[in-house]
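Analysis of the macromolecular model
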Amino acid sequence: MSELKVLRENELQDKVGLFVGTRPGIIKFSPLMRELQKRGKDFFVIHTGQHYSYDMDKIFFDELELPEPKHKFLDVSKSRSHGGQTAKMLAHSEQALLKEKPKIVLVCGDANTNLAGALAARKLHIMVGHVESGLRSDDWRMPEEHNRVMIDHISELLFAPTEDTRKNLIEDNVKGKIFITGNTIVDAVEQNLVIAKRKSKVLENLNLTPKKYFLLTLHREESVDFKENLESILNGIKLVSENYDCKIIFPSHPRTAKTLKYFKLESFISKIKNLEIINPLGYLDFLMLLSSSQLVLTDSGGIQEESCILGVPCVTLRQNTERPETIEIGANYIAGTEPESILKGTETMLNRASDWSNPFGTNASRKIIDIVEDTLSER
Ligand code: UD1
Ligand code: UDP
């Protein structure tokens with residue numbers, strides 16, 4: 001046949017395809033995979049290969065005992081542009097979906113992986129469910145913001161974590177059906193913190209006393225790929241280290257490790273008092289480290305949520321957040337990237353009582369899979 005291939009309703013099989021490819025996506029889909037396994041539902045995992053280093057990818061499958069991906073793309077990491085990376089993942093995803101023919105695919109979050117997976121499915125007329133739908137930073141510099149908007153507009157099922165995110169979807173006039181389900185990160189934290197407390201030796205290994213150290217993470221493109229922003233944030237961390245006599249633990253994302261080298265900032269950062277740079281950690285060690293820290297400074301989306309769930313004050317090293325719920329309840333402070341405001345954010349959050357309650361719901365994975373099952377049975 002010469003026409004472009006789409007899948008017809010009667011060709012589709014009663015199974016669910018899950019797209020993963022980045023660290024946060026693997027973590028946030030882990031409770032969904034457990035829920036599907038518990039119900040004996042037919043599902044398979046497609047790994048786009050966007051993240052590929054052991055400590056950004058495989059460690060999470062091993063530690064969280066997740067099923068091996070049925071499809072994994074191996075040449076994606078060679079692309080060094082958003083378009084190239086997304087295009088490769090899109091083409092491979094289409095081939096995998098043509099083989100599997102699932103009735104529905106689920107993607108989680110805003111990475112290029114999820115845009116590629118959702119678009120491949122959409123083009124084949126496979127139903128798309130977007131987990132963590134409706135988040136908006138309104139910051140058009142962010143590749144994640146482009147992806148969120150596009151994925152939300154091509155998904156039939158929109159799993160919004162909160163009321164705020166539901167409102168964003170309505171304002172955007174999306175076509176799909178919106179459900180408020182909470183965020184699966186709450187399930188991931190609940191399921192793994194107990195195990196982390198039993199198994200992790202990270203505090204002993206790093207010689208840390210609970211609540212006597214700060215945690216730092218940095219990896220956003222707009223934070224670390226522009227020398228002036230990265231330098232400004234690091235000057236803020238230096239100021240914090242001069243004002244507080246406690247260790248600052250910095251598990252460094254590979255993107256950040258590379259840009260620190262490229263911008264010749266390694267010597268500067270090595271001189272910041274009490275700052276300890278370590279490799280990225282597995283989820284159990286990271287959860288242990290985060291839950292026992294006095295404060296976290298970060299530009300990560302997932303860590304803003306987790307710190308809020310765990311009652312750890314958060315200073316966000318960005319101009320905005322797509323998680324305004326954390327600000328509304330006092331769990332998070334938007335410090336931007338200027339040194340003085342990073343110090344002010346630290347002072348403010350250390351003086352604030354951590355008495356907020358979790359705005360991200362409970363049992364999101366169960367609710368999402370209930371909706372998926374109901375939708376498939378109605379078809
Ligand atoms: C991606 C997501 C971001 C998410 C982050 C989670 C997009 C546009 N960005 O950003 O939303 O917050 O993942 O961590 O999808 N690298 C390695 N090993 C790896 C992965 C990356 O060395 O396993 C290095 C490579 O040099 C790569 C760079 O990090 O070029 C950036 O990786 P990439 O996946 O493009 O973006 P992230 O910054 O990880
Ligand atoms: N994380 C981890 N090890 C680390 C740093 C982070 O397991 O060394 C986890 C963290 O607990 C959270 C997720 O990775 O669940 C966040 O990923 P990241 O900050 O890379 O991406 P974002 O959430 O900003 O998209």
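Just above, that's the structure.
None of the values given here were measured: they were computed from a predicted structure. (Residues numbered from 1 in each chain as written. Chains lettered and ligands numbered in written order. Predicted model: local features only at pLDDT ≥ 70, side-chain atom pairs only at ≥ 80, totals over all residues. Heavy atoms only, no water.)

Another aspect to go through is the overall build of the protein chain. Broken down by element type, the protein chain carries 17 helices and 13 strands. Its C-alpha radius of gyration of 21 Å places the protein chain within 12% of the 21 Å reference for a compact globule of 379 residues. With the C-alpha coordinates aligned to their principal axes, the bounding extent of the protein chain is approximately 65 × 40 × 40 Å. Residues classed as buried in the protein chain amount to 59% of the 379 residues present. If you take every contact in the protein chain between residues at least 6 apart in sequence, the share linking residues at least 24 apart comes to 71%. Total accessible area computed for the protein chain in this model is approximately 16,000 Å², and 50% of it derives from carbon and sulfur atoms. Averaged over its 50 positive side-chain charges, the protein chain has a centre that lies 3 Å from the centre of its 54 negative ones. (Helix = DSSP H or I, 4+ residues; strand = E, 2+ residues; numbered from the N terminus. Rg over C-alpha atoms; globule rule 2.2 N^0.38 Å. Buried < 20%, exposed > 50% of the residue type's maximum accessible area, 1.4 Å probe, protein only. Contact = heavy atoms within 4.5 Å. Areas by Shrake-Rupley, 256 points an atom, 1.4 Å probe, with all protein chains shown as cover. Lys, Arg positive; Asp, Glu negative; His and termini not counted. Charge placed at Lys NZ, Arg CZ, Asp CG, Glu CD.)

It is at 8 Å that the axes of helix H3 (residues 82-100) and helix H4 (residues 112-123) come closest, and there the two elements cross at 40°. Relative to H4, the element H3 lies oblique. For the pair H3 and H4, the crossing hand works out as right-handed. Across the interface between the two elements, His82, Gln85, Thr86, Met89, Leu90, Ser93, Glu94 and Leu97 from H3 touch Asn112, Thr113, Leu115, Ala116, Gly117, Leu119, Ala120 and Ala121 from H4. Grouping the constituent residues of the contact of H3 with H4 by class yields eight nonpolar, seven polar and one charged. (Axes fitted to C-alpha atoms, helices over the stretch in contact; angles between N-to-C directions. Parallel < 35°, antiparallel > 145°, perpendicular 65-115°, else oblique. Left-handed = near helix turned anticlockwise from the far one by under 90°. Nonpolar A, V, L, I, M, F, W, Y, C, P; charged D, E, K, R; others polar.)

Of all residues adjacent to ligand 1, which total 21 residues, the nearest are His51, Ser53, Glu144, Arg255 and Lys258. Take Asn112: an N or O atom from its main chain is 2.8 Å from an oxygen atom of ligand 1. The contact in question runs from an oxygen atom of ligand 1 to an N or O atom on the side chain of Glu144, over 2.6 Å. Its free accessible area being 740 Å², ligand 1 has 91% of it covered by the protein chains. Within the residue set of the shell around ligand 1, elements represented by two or more residues are H3, helix H5 (143-154) and helix H11 (254-262). Ranked by residue count, the leading element in the shell around ligand 1 is H11, at three residues. (Near = heavy atom within 4 Å. Polar contact = N/O pair within 3.5 Å; in protein donor to acceptor, adjacent residues only side chain to side chain.)

Turning our attention to the side chain of Glu306. Following the sequence through the fold, Glu306 ends up in helix H14 (residues 301-310). The side chain of Glu306 sits in the buried core without any salt bridge; Lys28 is the nearest counter-charge, 7.3 Å away. Separated by 2.8 Å, the side chains of Glu306 and Tyr283 make a polar contact. Beyond its immediate chain neighbours, meaning those up to four positions away, Glu306 contacts Ile185, Val189, Tyr283, Phe286 and Leu290. (Salt bridge = Lys/Arg side-chain N within 4 Å of Asp/Glu carboxyl O.)

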